[in-house]
Amino acid sequence: MANLHQVQEAVLAAYHTGLIDEPEFILLYDLNRPTNPQFQYRDLEPFSLDLYNDDECNAYFRFKKDDLYTLRETLQIPEKVKCTNGYTADGMEALCILLSRFAYPCRYGDMVRTFARDVPQLCLINMHMTNLIYNQHRHLVESLDRPWLSRDCLTRYAAAVRAKGAALDNCWGFIDGTVRPICRPEELQKVVYNGHKRVHAVKYQSVIAANGLVAHLFGPIEGRRHDCFLLRESGLLPELERVSFDTDGNNLCIYGDPAYPLRAHLQGPFKGNNLTPEEKIYNQSMSSVRVAVEWVFGDIINFFKSTDFKKNQKVGLSPCGKLYIVSGLLTNAHTCLYGNSTSRFFELMPPTLVQYFRE
């Protein structure tokens, strides 16, 4: 199907050949005037990663140059990517389009000169890559059945948390909910309004292991919902009851804030105003290590800032949940390659990129 730019060219050709007269030309040309800007991209040089150095790749795509090739192979991105409408792109170029769009809340028009492609092509390639990564790898943050979450690994994580002064000697990770602001929807505004933050938003629940990786990510859920609702809907507790044990079969747990209920595999602080000195010391020691979950939340929105730009987060128009989950997966990939504040704090090495995505 011809776009409006092509229709205008056809009208212009019809006028020059005498098929239509001047009034008809003016009328048809104005009726088919496109609302989107037309970027001159055909004379630009095609995108080539060879033209970028490590610092530029890290700034524009969040990964170093050689690691981008490793990432493409690990994510199983094909040599040629073909969109549903027939657009094709080199696999590395398609990955860089995705990373460039995620790295900062830029417009597609800002990316035209970098990739020598028109806005519709960039949009379709970006969404194709988002769907590809989401469909192939979302299971990595939906289940705790991962080799790097084995009993041996969980035992090591609990020992590392304990070594940092935590009162609990069986805590291997931390749970928390995060509120991500969205553009105010035209309908159902009360459903997504979060009264605590006073913003329209969706919520996600994350479990962060002591090695700095997002072990479990659930969402999005309407912004008005309580963290306990997310916990119930995520089905996390039954999974913890199945896998959260040390090498001797003893219970291991994750630690959350006072919003969460107390369970054998889910612990929290002592509540109330009249706490004993021992209870205050316990809360303080666990709070000092639980802050690690906030560091990882910060990593997601700092490395991939487009998820923090609420004007692009339009429920019903944009796949907000899919974009955040893909950002979480890419953040885990970044952590596997370079570590993060949490892994360095607990002095634990995350798995390699291949171990995380392939095993």
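These notes cover the structure that comes with them.

**Details of unusual backbone geometry**
The omega angle of the peptide bond from Gly-219 to Pro-220 is 0 degrees, so this bond is cis rather than trans. Here Pro-220 shows up in strand β6 (residues 214-222). Of note, the phi angle at Arg-198 is positive, near 55 degrees, even though the residue is not glycine. If you trace the backbone, Arg-198 turns up in the loop between β4 (193-194) and β5 (199-209). Judged by relative accessible area, Arg-198 falls into the exposed class, the value being 67%.

**Observations regarding the packing of helix α5 (residues 91-103) against helix α7 (residues 119-137)**
Where α5 contacts α7, the axes come no closer than 9 Å and their chain directions differ by 95 degrees. Taken together, the axis directions place α5 and α7 in an arrangement best described as roughly perpendicular. Across the interface between the two elements, Ala-94, Leu-95, Ile-97, Leu-98, Arg-101 and Phe-102 of α5 pack against Leu-122, Ile-125, Asn-126, Met-129, Thr-130 and Ile-133 of α7. Grouping the constituent residues of the contact of α5 with α7 by class yields nine nonpolar, two polar and one charged.

**Regarding the pairing of β5**
In terms of burial, β5 is a largely internal element, 11 of the 11 residues being buried. Residue alternation in β5 divides its side chains into two sets, Val-199, Ala-201, Lys-203, Gln-205, Val-207 and Ala-209 and His-200, Val-202, Tyr-204, Ser-206 and Ile-208, and both sets are buried. Relative to β5, strand β3 (residues 171-181) runs antiparallel, the two sharing nine bridges. Paired with Ile-175 across the bridge in β5 is Val-207. Alignment of β4 against β5, held across two bridges, turns out to be antiparallel.

**Quick word on the nonpolar core**
Side chains that are nonpolar tend, in soluble globular proteins, to be buried together. In this structure, Tyr-157 and Trp-172 are the most contacted members of the largest nonpolar core, which totals 96 residues. Ranked by the residues each element gives to this core, the list is headed by helix α14 (residues 320-338), at nine residues. Excluding residues that lie within four positions of it along the chain, Tyr-157 makes contacts with Trp-148, Leu-149, Cys-171, Trp-172, Ala-209, Ala-210, Asn-211 and Leu-348.

**Let's talk about the packing of aromatic side chains**
What the rule picks out here adds up to 16 aromatic pairs. A centroid spacing of 5.4 Å and a plane angle of 40 degrees characterise the contact between Phe-25 and Tyr-29, whose relative ring orientation is tilted. Of the two residues, Phe-25 and Tyr-29 both sit in helix α2 (residues 22-31), four residues apart, roughly one turn of that helix. Centre to centre, the rings of Phe-47 and Phe-115 are 4.9 Å apart; their planes meet at 35 degrees, and the pair counts as tilted.

**Here's the deal with the layout of surface pockets**
By volume, the second largest pocket amounts to about 340 Å³. Taken together, 21 residues form the lining of the second largest pocket, with Gly-177, Thr-178, Val-179, Lys-197 and Lys-203 sitting closest to its centre. Every element with two or more residues in the lining of the second largest pocket is listed here: β3, β4 and α13 (292-303). In terms of residue count, the dominant contributor to the lining of the second largest pocket is β3 (five residues). By residue class, the composition of the lining of the second largest pocket is five nonpolar, eight polar and eight charged.

Analysis parameters
- Residues numbered from 1 in each chain as written.
- Predicted model: local features only at pLDDT ≥ 70, side-chain atom pairs only at ≥ 80, totals over all residues.
- Heavy atoms only, no water.
- Helix = DSSP H or I, 4+ residues; strand = E, 2+ residues; numbered from the N terminus.
- Buried < 20%, exposed > 50% of the residue type's maximum accessible area, 1.4 Å probe, protein only.
- Axes fitted to C-alpha atoms, helices over the stretch in contact; angles between N-to-C directions.
- Parallel < 35°, antiparallel > 145°, perpendicular 65-115°, else oblique.
- Contact = heavy atoms within 4.5 Å.
- Nonpolar A, V, L, I, M, F, W, Y, C, P; charged D, E, K, R; others polar.
- Pairing = 2+ DSSP bridges.
- Core = buried A, V, L, I, M, F, W, Y, C linked by side-chain atoms within 4.5 Å.
- Phe/Tyr/Trp six-rings, centres within 6.5 Å; stacked < 30°, edge-to-face > 60°.
- 1 Å grid on protein atoms, 1.4 Å probe; cavity = no way out; pocket = protein on both sides within 12 Å on 5 of 7 lines; lining within 4 Å.
- Points joined across faces, edges and corners; volume = space filled by probe spheres on them.

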